Amino acid sequence: MPAACDSVLEDIEDIVSAEDLKPHDRQFVRKNVFPKVRKRNSQKNIQTDDDPPSDSIIPGAQKIWIRTWGCSHNNSDGEYMAGQLAAYGYKITDNSAEADLWLLNSCTVKNPAEDHFRNSIKKAQEGKKKVVLAGCVPQAQPRQDYLKGLSIIGVCIFINRVVEVVEETIKGHSVRLLGQKKDNGKRLGGARLDLPKIRKNPLIEIISINTGCLNACTYCKTKHARGDLASYPVEELVDRAKQSFQEGVCEIWLTSEDTGAYGRDIGTDLPTLLWKLVEAIPEGAMLRLGMTNPPYILEHLEEMAKILNHPRVYAFLHIPVQSASDSVLMDMKREYCVADFKQVVDFLNEKVPGITIATDIICGFPGETDEDFQETMKLVEQYRFPSLFINQFYPRPGTPAAKMHQVPAAVKKQRTKDLSQLFHSYNPYDHKVGERQRVLVTEESFDSNYYVAHNPFYEQVLVPKDPPLMGKMVEVNIYEAGKHFMKGQPVSDARVYTASITRPLAKGEVSGLTEVSKR
């Protein structure tokens, strides 16, 4: 069985004011950072370590290894940081051993992800590497002992200053840029959309449409890092999409902590944005929507069904249910009931034939009874979700759920096992063998034996590893189906679309630059 599976990442950002300089004027202009040994800056965001700084080191010549954990939003942040560093002259390397500095971009959703992050810090220190930390862990918990003395970039506003943080770290300083940016009391979002970027996949652009969310789920640590909802203006998102297509991108992923809540803070909504984006999508290219919680999609069901039926939008939606017990959902503070989730799924299944609904479930949330869990099992049995993210509950420090009465570890483990067995008991794609499907080829499988394509329902189709197929919209005959994929053979007499309107950037090439200069 090929090691290619659902491309939805493990789960799923700096607006400038009118006074700010434009990218080519201010791209790498360092300001307000004046590190001094053993002293704390009056801004309270810069502190230095005890080692003498090496101001004689010439920055921009070093090699940097970047590791990102977590959601597509975090991956987009990592791409922006890589782009700025490469544009300044740093070499981004895939070889951690040869790197002078490790940039570790963390995820705080689960304990294992933070454990990997912590272990990577230790490994870097043992290897005498310089370290810069980014992502949700240091933003949410900057005072943890294992972060002391290390440089930190917050997720909300400082991604556009990664070059100066890296530069000061290489010199021996410890720089901490944390906080939130506001305009007349209103919180602004994360990384500016016009920053340079190195896409992990040159054919796929990840666009964060908003940061933060409107909820206060009792188990969620990400809220501590990303904060409240802050949406990008429609015109900026459309401009970013257009620029991406001009750089050879043929697939756009919209991401955020909750795409359904988009625009509620700026007087607009998700359907308004999507209709504008659809106008900008060239023939053969596709748009994939990100995760949305049930409450904020309910009022837009009619419009969302129309958008998901558009030929350039994948008929795919990720709607986390987390539990099929209303009492558990109440304890989670999810702000919807199971009936709301079913209403969304039933409506979309009716109005968007063949749509793929992905969902998430947490097993063993505090207070979950056997009866609660059986309701969740019944829900999965009823809908047979083709894409299901099963998560054993981990109490995150500082969250209300961590203080609740915990389900015994053995029970959580057994419930996770039972749900996983149910999920693997059905094959969602067997009935599609023999179909002729239109697919967009964008990736290579993890085992490197196939190219990965997706049909209009964002179902994964493995095709022969034939280089001319990459970035193309082709027709295939489905001849085999597995749990997470189908296999297709290209139809020889079918029309092939070149989805990109221009030559895609080379892997590792920086996007969004007309000129690059060092300060």
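That block above? That's the structure.
My aim in this report is to walk through the structure given alongside it, one point at a time. Here the structure is a predicted model, which is why all the values come from computation and not from measurement.

### Thoughts on the packing of aromatic side chains
Under the counting rule described, the total for this entry stands at eleven aromatic pairs. Between F117 and Y146, the ring centres sit 6.4 Å apart and the planes meet at 70°, which makes this aromatic pair edge-to-face. Within this pair, whereas F117 is found in helix α3 (residues 111-126), its partner Y146 is found in the loop between α4 (136-140) and β5 (151-153), the two being separated by 29 residues in sequence. Ring geometry for F316 and Y458: centres 5.2 Å apart, planes at 50°, overall tilted. Remark: Y458 occurs in the loop between β18 (451-454) and β19 (460-463) and F316 occurs in strand β14 (residues 316-318); sequence separation between them is 142 residues. Among the residues examined, F316 registers a relative accessible area of 2% and is labelled buried. A cation over a ring is seen here: R288 above W253, with NZ or CZ 4.1 Å from the ring centre. Positioned above the aromatic ring of Y426, the side-chain terminus of K483 is 3.9 Å from the ring centre.

### Thoughts on the pattern of salt bridges
Tallied over the entire structure, the rule returns 23 salt bridges. Note that E98 is salt-bridged to K63, the shortest N-O span being 3.6 Å. One end of the pair, E98, is in the loop between β2 (91-93) and β3 (101-106); the other, K63, is in strand β1 (residues 63-68), with 35 residues separating them in the sequence. On the basis of relative accessibility, which here comes to 32%, the residue E98 falls in the partly exposed class. A residue is classified by how much of its surface remains accessible, and K63, at 28% relative accessible area, is partly exposed. Of the charged contacts in the structure, one is a salt bridge between E164 and R161, with a shortest N-O distance of 3.0 Å. Side by side, E164 and R161 carry an identical accessibility label, which is buried.

### Description of the sheet that holds strand β12 (residues 251-255)
Within the open sheet, the three strands sit side by side as β9-β12-β13. Their pairing is parallel. A strand with exactly one partner marks an edge of an open sheet, and here the two such strands are β9 (204-208) and β13 (286-288). The mean angle between the axes of side-by-side strands here comes to 20°, regardless of whether they run parallel or antiparallel. Both β12 and β13 contribute to a ladder of three bridges, which runs parallel. Among the inter-strand pairings, E251 is bridged to a residue of β13, identified as M286.

### Considering the pairing of strand β21 (residues 486-490)
The pairing of β19 with β21 spans two bridges and is classified as parallel. Bridge pairing in β21 places V461 opposite M486. Examined bridge by bridge, strand β20 (residues 472-481) and β21 share five bridges and lie antiparallel to one another. The residue bridging I478 from the neighbouring strand is G488, located in β21. The antiparallel pairing of β20 with β21 creates a hairpin that spans four residues between the two strands.

Thresholds applied
Residues take numbers from 1 onward in each chain, read along the sequence in its written order. Per-residue local features of the predicted model are confined to residues with pLDDT of at least 70, and side-chain atom pairs are confined, for both listing and counting, to 80 or more; whole-chain, interface and lining totals are unaffected and use all residues. The side-chain values count all of the structure's non-hydrogen atoms but skip hydrogen atoms and water molecules. Only the six-membered ring of Trp is used, alongside the rings of Phe and Tyr, when aromatic pairs are assigned; centres must lie within 6.5 Å, and planes under 30 degrees apart are stacked while those over 60 apart are edge-to-face, with the rest tilted. The way it works is that DSSP assigns letters per residue, a run of H or I at least four long becomes a helix, a run of E at least two long becomes a strand, and they are numbered from the N terminus. Three exposure classes are used, based on accessible area relative to the maximum for each residue type with a 1.4 Å probe and protein chains only: buried under 20%, partly exposed in between, and exposed over 50%. In our convention, an over-ring charge means Lys NZ or Arg CZ found within 6 Å of a ring centre and within 35 degrees of that ring's normal. What counts as a salt bridge is simple: a side-chain nitrogen of Lys or Arg found within 4 Å of a carboxyl oxygen of Asp or Glu. If DSSP finds at least two bridges between two strands, the strands pair. Between N-to-C directions, angles span 0 to 180 degrees; the directions come from axes that are lines fitted to C-alpha atoms, helices contributing only their stretch in contact.

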